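One letter stands for each residue in the lines below.
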Amino acid sequence: MAAEYERRRTFAIISHPDAGKTTLTEKLLLYGGAIHMAGTVKSRKNKRAAVSDWMELEKKRGISVTSSVLQFEHEGIRYNLLDTPGHNDFSEDTYRTLTAADCAIMILDAAKGVEPQTRKLFHVCRMRGIPIVTFVNKLDRPARDPFELMSQVEDVLGLHTAPITWPIGSGDRFQGVYHRRQGAVLRFEKEPGGNARKLDSERMDIGDEALPKLLGDEAAGSLIEEIELLDGAGEEWDEERFLAGELSPVFFGSALTNFGIEPFLNEFSGLCPAPRGRDAADGVHVEPSDQRFSAFIFKVQANMDKSHRDRIAFARVCSGRYEGGMKVAHDRLGKTIRLNRAEQFFAQARESVAEAFAGDILGLYDPGLFRIGDTLSTEGPMSFDAVPRFSPEHFGRLQLLDPMKRKQLQKGIAELAEEGTVQLFSEPGREKDPICGVVGRLQFEVLTFRVEHEYGAKISFDILPYTRARWVEGVERADQLLAQRIPLAVQDQDGHLVALFRDNWEVDRAIRDNEAWTFRDTAPIRAPRA
Ligand code: G4P
């Protein structure tokens, strides 16, 4: 068993749209010799057509709205890449997927540095202490000064950096990277077709007299100066700090032209940790090597296959060994269930899984048993720390356009809320018109489309001006919040009191004015035990 889980690398890629996530994913698969390819990787020829056709909407909009898992093996390592939708209108799925990852690759566009979506996703990684490997992309284009980029990462994200490779020029004068660990100059040459031609890497110490001949006087001079500065004043590599999510190794390259991918992947397999132990409630701790099988649900996807009208729950295995047909304790329901049909998903193709180990993702056929945050284990009772529910950023009051379809609407919206596509809030006195909260605005369209096509009810949304939700503790009733100039007080689907705000200024004011109350920006999703 140890041999199996120790070769698992379960990771996700976080980036702002257009930084190059799709391109890097493709190149990783290419270099890794992907055995399976699925989900949201857009095809090169027709970038607008998603490979996955789980949802008609994807085809219509030409973007990916679901997240999926890509698997590939490279030199004995099994990679599970959790895909996080990168479109500007991303959903809470993107956040939650990160709870199942052991490591994240953060891509930065060398011309833009840290962008808003990078920041949000980073925040989620930080909450869980996920180690982050940084890849600075698009060096073949005019780029910002690499020192300036590093200090932006430190200032904006509070993440320390330790460059493993360092760029030699950028844009038209991009010559390659210096590999600090290997003490090697890896040179880049663009081919007419746009791809990089692989030149032999030159094992060359930074003090080597031949360096100016190889790179030109000016480039060699700058490189020597910069490496000396890094060696002298830069952060030292510290694996413990990396694993704690405090220090990030940094690589430079150009995904489009293939440059810097191979050295990146070679180092990444050593950096990305194998599955580690996880804490569960009541002081229980599981190690991946435990005999006890344990897993938690981080995503539920309804109606993946229209002809089956089924639901699939995605479970991240944390310990033990999964076998088809095994019996597990379902902690929330307090009963034993048999896991008959676990599958791995490659777009429309499904493959039965015979066995799985810590780090692997199972797609469980779900007859309505699973909710996000549920724990399954062979030795109960145990439950993992809850998957948090994040503050939505857009709120809309739901309008049912055909009053005869209230039942369908209720069923649909309840299922979509369980799936985590939407958060439902009810305002005291207006319970019939629920407020829907989503992370990305596109989700309103997704909801409208899905409720109509999957449940047969036409709906629309009245967009509300709120952009922040805070779960409030230390207070009992909504009217107490309203009395304190809080714009709107509602209850979430588990009955927790939630304050809605238009902006940060209002949030700060409420915190200042009400010191006895606690305002949280996440709520636990795990439903109480039945
Ligand atoms: P995303 O998934 O993070 O949104 O980014 P994606 O990989 O789709 O890349 C966004 C754009 O940036 C694409 O251009 C892509 O070709 C380009 N790109 C990615 N990596 C690099 C790089 O290293 N260097 C350069 N110069 N460009 C890069 P596009 O014009 O939107 O698409 P396409 O017509 O090139 O396919």
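As shown above, the structure is provided for reference.
For the structure given in this document, a descriptive report is provided here. (Residues numbered from 1 in each chain as written. Predicted model: local features only at pLDDT ≥ 70, side-chain atom pairs only at ≥ 80, totals over all residues. Heavy atoms only, no water.)

## Describing the packing of aromatic side chains
Operational definition: Two aromatic rings from Phe, Tyr or Trp, using only the six-membered ring of Trp, form a pair when their centres are within 6.5 Å; if the ring planes differ by under 30 degrees the pair is stacked, by over 60 it is edge-to-face, and anything between is tilted. Working definition: helices are DSSP H or I runs of at least four residues, strands are E runs of at least two. Numbering for both runs from the N terminus. A 1.4 Å probe rolled over the protein chains alone gives each residue an accessible area, and that area as a share of the maximum for its type sets the label: buried under 20%, exposed over 50%, partly exposed in between.
Inspection of every chain in the model, using the stated rule, returns 17 aromatic pairs. Seen in terms of ring centroids, Phe147 and Trp166 are 4.7 Å apart; in terms of plane orientation they differ by 55°. Their pairing is tilted. In this pair, Phe147 is assigned in helix H6 (residues 146–157) and Trp166 in strand S7 (residues 165–168), connecting sequence segments 19 residues apart. Plain terms: the ring middles of Trp166 and Phe252 are 5.4 Å apart, the flat faces sit at 75° to each other, and that makes the pair edge-to-face. Here Phe252 lies in strand S12 (residues 247–252) and Trp166 lies in strand S7, a separation of 86 residues in the sequence. Summarising the burial analysis for this pair, Trp166 and Phe252 share the class buried. Here a set of aromatic residues connected by ring pairs shows up, and it is made of Phe11, Tyr79, Phe135, Phe251, Phe264 and Phe268.

## What about the side chain of Thr99?
Inclusion rule: Side-chain atoms alone can form a polar contact between residues adjacent in sequence; in general such a contact is a pair of N or O atoms within 3.5 Å, and within protein one must be able to donate a hydrogen while the other accepts it. Contacts: residue pairs with any heavy atoms within 4.5 Å of one another.
When you line up the elements, Thr99 lands in the loop between helix H4 (92–97) and strand S4 (103–109). A relative accessible area of 4% means that Thr99 is categorised as buried. Reaching out from Thr99, the side chain makes a polar contact with the backbone oxygen of Arg96 at a distance of 2.6 Å. Other than its neighbours up to four places away in sequence, Thr99 contacts Arg128, Arg278, Phe296, Phe298, Val387 and Pro388.

## Description of the packing of helix H11 (residues 406–419) against helix H12 (residues 442–455)
This is how the line gets drawn: Lines fitted to C-alpha atoms define the axes, with helix axes restricted to the stretch in contact, and inter-axis angles between N-to-C directions lie between 0 and 180 degrees. Here the angle decides the label: under 35 degrees means roughly parallel, over 145 means roughly antiparallel, 65 to 115 means roughly perpendicular, and every other value means oblique. Left-handed is the label given to a crossing in which the near helix is rotated counterclockwise from the far helix by less than a right angle, and right-handed is the label when the rotation is clockwise. Under the convention adopted here, Pro, Cys and the residues Ala, Val, Leu, Ile, Met, Phe, Trp and Tyr are nonpolar, Asp, Glu, Lys and Arg are charged, and Gly plus all remaining residues are polar.
One can describe the packing of H11 onto H12 by two numbers: an axis separation of 10 Å at closest approach and a directional angle of 125°. With respect to H12, the element H11 is oriented oblique. Judged by the sense of rotation from one axis to the other, the crossing of H11 with H12 is right-handed. Counted together, Gln408, Leu409, Lys411, Gly412, Ile413, Glu415, Leu416 and Glu419 of H11 and Leu447, Arg450, Val451 and Tyr455 of H12 form the full contact between these two elements. Partitioned by chemical class, the residues of the contact of H11 with H12 number 6 nonpolar, 2 polar and 4 charged.

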